[in-house]
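Structural features, examined
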Amino acid sequence: MTNSNQPLGSEQKDAATEPAINNCDTAGQEKEISYTGIGASKGIAIGACYSFVKETDDHEIQDLKHGDINDEIERFLAALNRSEKELKKIERVTTRKLGKGYSNLFQAQIMILHDPVLIDTISSRILSERKPAHMVIEEEFNLYLEKFKNSEEAIFRERADDLLDIKDRIIRNLNVRKLHSWIPEGVIVASYHLSPADVILLSRSNVKGFITDSGGTTSHISLICKSLNIPMVVGLGNLSHKVSTGMTVIMDGTTGVVITNPEQESIDRYTRKKEDEKEHEESASLTATLPATTGCGVRITFFTNIDFKEELQNMTASGAEGVGLFRSENLFTDGTKVPKETEQYSYYRDMAEAIAPMPLDIRLFDIGGDKLIYSPVREPNPNLGWRGIRILIDMPEILDDQIRAAIKANVHGNIDILIPMVISLEEIHHVRKVIDRHVEELSRETGQQIDRPGIGAMIEVPAAVEIIDEITRCVDFISIGTNDLTQYTLAVDRNNVVVQNLFEKFHPAIIRQLHRIIAAARKNHCRAMICGDMGSDPLALPFLIGCGLRRFSVVLSDIPNLKSLVSHFSVAEAEALAEECLTLDNPHAIKACLEGFQATH
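Remember, predicted model here, so these are calculated numbers, not experimental data. (Residues numbered from 1 in each chain as written. Predicted model: local features only at pLDDT ≥ 70, side-chain atom pairs only at ≥ 80, totals over all residues. Heavy atoms only, no water.)

**Thoughts on the overall build of the protein chain**
For clarity, the threshold we go by: Numbering of helices and strands runs from the N terminus, with a helix taken as a DSSP run of H or I at least four residues long and a strand as a DSSP run of E at least two residues long. When accessible area is computed with a 1.4 Å probe and restricted to protein chains, residues below 20% of their type maximum are described as buried, those above 50% as exposed, and intermediate ones as partly exposed. Pairs of residues are marked as contacts when any of their non-hydrogen atoms sit within 4.5 Å. Throughout, the Shrake-Rupley method with a 1.4 Å probe supplies accessible areas, and for residues the shown protein chains are the sole cover considered.
Regarding its fold elements, the protein chain presents 21 helices and 17 strands. Across the 601 residues that make up the protein chain, the buried fraction comes to 55%. A separation threshold of at least 6 residues defines the contact pool for the protein chain, and within that pool the share at least 24 residues apart is 69%. As displayed, the protein chain has an accessible area near 26100 Å², and 50% of this comes from carbon and sulfur atoms.

This is the structure we're talking about:
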């Protein structure tokens, strides 16, 4: 990729270095090529690409002379100070654009800059090893980055980007280089990697969209783009090496498609699609806050999945009727530090009060393997190892603090607790006993009757499907995690690009499991909900309703559209569709059946 952009930073525009942005002079010379990544923030953008490459410094690897050691430590401390000033500036911009909630992201980064253990460790190593600051910083941060990047939890892999931004910021500031943030107006930014700070600063130039090689749907940059209504496609491999500033690009943040050097036919097609989507969204938004009912009048309820409490501010306007999944592991400030009971209580209480009387389902910490909590054992396959409820049972102090915090926060009686990675009734009984014990203790301590949270089980492992009848007689509700259920059933790592084509949510085994799960829940009068990506898929919506599902927990921005779609068919039609799909023996036939239904409705 040609590094034609300015260094991230200066507030002043230098006309001499401004790249030419046009409709791509090379469009007639190069072929149209389509790429597929992951849609991280919906919307379509068409325009000139801007190749954004962060400049890096080359450092000579050398030992420090004795007389230079103190100067190097001072240089490191000065870099921390400069980095803090930058982050405070970005925090102010974020507060203006998105409110106080997202600005806390940068407060957390500022706290890391003040971490006495980090400062002492790096300073001590510079002194004892006589290594230059940039080397020690690189090595220390990489220890944490390795834990995050190798985590089996996507939420932690994506948080590695935030840690990388802090590391790069400190190293850049060792050389007293100014932060630059100006780019031309109205471009589509393409980069290998973007940090939350990059997105906030670059968005001031009315960016049309962002495309990146790395990233995921729950990363901070994705959530920020959703809040700013800027389309984003991530996970594009090495696309950043194939585009250059000035190249015309089409991007679809819903499907994850990116087209370089598009032909006029493609431009016209996506222009029409963009106009159609805008018209549909405007229509759907008018009815988003109304109850969702099928064409025959059956009520369907839509909840939302959230990662941060700041997302609640847009919940009502989008038509959500509660939180069906709060991923509580986001409360971990790094890979090892477990949030205290008091911190959790305050966080859960704020959320419960903000949405009461609507429900708040808190999933217990879904953390995995020794990558996130210290373990003396190095697991050969953490994905099939020590994770989810297994960790919480083995580390009762973590489970006790979280459950006690949730119970204390349940002053409005709208909090339920969801158990991750359930494979046995014993795990459910264990959590129930812990809840009973803390309810009894808190009742004695306060002299008041304490509301008992409901108990739910995540159904995301084939073993849970095999005992689904027993599980649905044992819990108040279940939540189907289709992402992991598909992964474990098909023995396909959803993050492995080599076998990504085999990760098929419409595989006959998957849809038959879903039918079996929902049927068992209905028979045993257990509330059933889906919280995986399949719940947001318009193709899957009528099939799931036809199976008997009436509760969905999805990405907030998808709710208006899903509510609108529900009204276009009856339950009887959906049941006939589900019955037909369950007779088919391959994903292609199932998809064709679902697409045919969608086309006629």
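**Topic: the side chain of Lys-563**
Note the cut-off: Only four residue types enter the tally: Lys and Arg on the positive side, Asp and Glu on the negative side; His and the chain ends are excluded. A side-chain nitrogen of Lys or Arg and a carboxyl oxygen of Asp or Glu constitute a salt bridge if their distance falls within 4 Å.
Relative to the helices and strands, Lys-563 resides in helix α19 (residues 559-566). Salt bridges are absent for the buried Lys-563, whose nearest opposite-charge side chain, Glu-321, sits at 4.3 Å. In this structure, Lys-563 is in contact with Ala-288, Thr-289, Leu-290, Ala-292, Phe-302, Gly-319 and Glu-321, ignoring residues within four places of it in sequence.

**Some thoughts on the packing of aromatic side chains**
Spelled out, the test is: Two rings belonging to Phe, Tyr or Trp (six-membered ring only in the last case) form a pair when the distance between their centres is within 6.5 Å. Interplanar angles under 30 degrees mark stacking, angles over 60 mark edge-to-face geometry, and anything in between is tilted. Charges are assigned to positions over rings by a cutoff of 6 Å between ring centre and Lys NZ or Arg CZ, combined with an angular limit of 35 degrees from the ring normal.
Scanning all chains against the criterion turns up 4 aromatic pairs. Centre to centre, the rings of Phe-326 and Tyr-347 are 5.9 Å apart; their planes meet at 20 degrees, and the pair counts as stacked. Placement of Phe-326 in strand β11 (residues 323-327) and of Tyr-347 in helix α10 (residues 341-355) is noted, with a sequence separation of 21 residues between them. Judged by centre distance (5.7 Å) and plane angle (70 degrees), the rings of Phe-569 and Phe-597 are edge-to-face. Residue Phe-569 is found in the loop between α19 and α20 (571-581), and its partner Phe-597 is found in helix α21 (residues 587-600); the two are separated by 28 residues along the sequence. Here the two residues Phe-569 and Phe-597 agree in accessibility, since each one is buried. One aromatic cluster in this structure is built from Phe-326, Tyr-347 and Tyr-348. The ring of Tyr-347 is capped by Lys-309, whose NZ or CZ atom sits 4.8 Å from the centre of that ring.

**Details of the environment of Tyr-192**
Within the secondary structure, Tyr-192 sits in the loop between β4 (188-191) and α6 (196-202). Taking C-alpha positions, Tyr-192 is 4.7 Å from Asp-213, a pair spaced 21 residues apart along the chain. Among residues more than four places away in sequence, those in contact with Tyr-192 are Thr-212, Asp-213, Ser-214 and Ser-240.

**Some details on the environment of Glu-311**
Mapped onto the elements, Glu-311 comes out in the loop between β10 (299-306) and α9 (315-318). For Glu-311, a relative accessible area of 13% corresponds to the buried category. Setting aside anything within four residues of it in sequence, one finds Glu-311 in contact with Tyr-102, Leu-223, Asn-305, Ile-306 and Leu-556.

**Here's the deal with the sheet that holds strand β8 (residues 257-260)**
Heads up, the rule is: Strand pairing follows a simple DSSP-based rule, namely that at least 2 bridges must link the two strands. Only the contacting stretch of a helix is used when fitting its axis, a line to C-alpha atoms as for every element, and angles between N-to-C directions run 0 to 180 degrees.
Pairing is mixed across the open sheet formed by 8 strands, whose spatial order is β1-β8-β7-β3-β4-β5-β6-β2. Every interior strand has two partners, whereas the edge strands, β1 (33-36) and β2 (38-41), have only one. On average, each strand axis in the sheet is inclined to that of its neighbour by 30 degrees, with strand direction left out of account. Taken together, the 2 bridges between strand β5 (residues 209-212) and strand β6 (residues 232-234) define a ladder with parallel strand orientation. In the strand pairing of β6, Phe-210 is matched with Met-232.

**Regarding unusual backbone geometry**
Looking along the chain, the bond that leaves Ala-356 and enters Pro-357 is cis, with omega of 5 degrees. Along the chain, Pro-357 turns up in the loop between α10 and β12 (360-363). Even without being a glycine, Asn-206 presents a positive backbone phi close to 55 degrees. Relative to the helices and strands, Asn-206 is located in the loop between α6 and β5. Of note in the backbone geometry, Asn-229 takes a positive phi value of approximately 60 degrees without being a glycine. By secondary structure assignment, the location of Asn-229 is in the loop between α7 (220-228) and β6. Judged by its relative accessible area of 67%, Asn-229 falls in the exposed class.

**Re the packing of α10 against helix α12 (residues 396-409)**
What counts is decided by this rule: Crossing chirality is assigned from the near helix's rotation relative to the far helix, an anticlockwise turn below a right angle marking it left-handed and a clockwise turn marking it right-handed. Side-chain classes are defined by residue name, with Ala, Val, Leu, Ile, Met, Phe, Trp, Tyr, Cys and Pro counting as nonpolar, Asp, Glu, Lys and Arg as charged, and the others, Gly among them, as polar.
At a minimum axis separation of 8 Å, α10 and α12 run at an interaxial angle of 35 degrees. Considering only the axes of α10 and α12, their crossing is right-handed. Contact residues: α10 offers Glu-341, Gln-344, Tyr-345, Tyr-348, Arg-349 and Ala-352, while α12 offers Asp-401, Gln-402, Arg-404, Ala-405, Ala-406, Lys-408 and Ala-409. For the contact of α10 with α12, the class distribution of residues is 6 nonpolar, 2 polar and 5 charged.

**Observations regarding helix α18 (residues 540-547)**
Of all 8 residues in α18, 8 are buried; the element is thus mostly enclosed. Restricting attention to buried positions, one finds in α18 the residues Ala-540, Leu-541, Pro-542, Phe-543, Leu-544, Ile-545, Gly-546 and Cys-547. Following α18 by one or two positions, Gly-548 has its phi on the positive side, about 115 degrees.

**With respect to the pairing of strand β15 (residues 477-480)**
Both faces of β15 are covered, namely the face carrying Phe-477 and Ser-479 and the face carrying Ile-478 and Ile-480. In the sheet, strand β14 (residues 454-459) pairs with β15 via 4 bridges, with the strands oriented parallel. Its bridge partner being in β15, Ile-459 is matched across the sheet by Ile-480. Summarising the sheet, β15 and strand β16 (residues 527-530) pair through 4 bridges and their orientation is parallel. Residue pairing across strands places Phe-477 opposite Arg-527, the latter belonging to β16.

**Some thoughts on the pattern of salt bridges**
Scanning the model with the defined rule gives 31 salt bridges in all. Where Asp-436 meets Arg-452, a salt bridge forms, and the shortest distance between an N and an O atom there is 2.3 Å. Of the two residues, Asp-436 sits in helix α13 (residues 425-446) while Arg-452 sits in the loop between α13 and β14, which places them 16 residues apart along the sequence. Of the charged contacts, one joins Glu-440 and Arg-444 as a salt bridge, the two residues approaching to 3.2 Å between their closest N and O atoms. One end of the pair, Glu-440, and the other, Arg-444, are both in helix α13, 4 residues apart, so they sit about a helical turn from each other. Its relative accessible area of 57% is what places Arg-444 among the exposed residues. Members of the salt-bridge network, linked through shared partners, are Arg-125, Glu-129, Lys-131, Glu-139 and Glu-140.

**Quick look at the nonpolar core**
Definition in use: Within this scheme, the nonpolar core is defined by two criteria: the residues are buried Ala, Val, Leu, Ile, Met, Phe, Trp, Tyr or Cys, and they are joined through side-chain atoms within 4.5 Å.
Formed by 147 residues in total, the largest nonpolar core has its most connected members in Phe-210, Tyr-348, Ile-478 and Phe-552. No other element matches helix α1 (residues 69-98), which puts 9 residues into this core. Every residue in contact with Phe-210, bar those within four places of it in the chain, is listed here: Val-189, Leu-194, Val-199, Leu-202, Cys-225, Ile-230, Pro-231, Met-232, Val-233 and Met-251. Core analysis: the second largest hydrophobic core is formed by 14 residues, Cys-49, Ala-190, Val-233 and Leu-239 among them.

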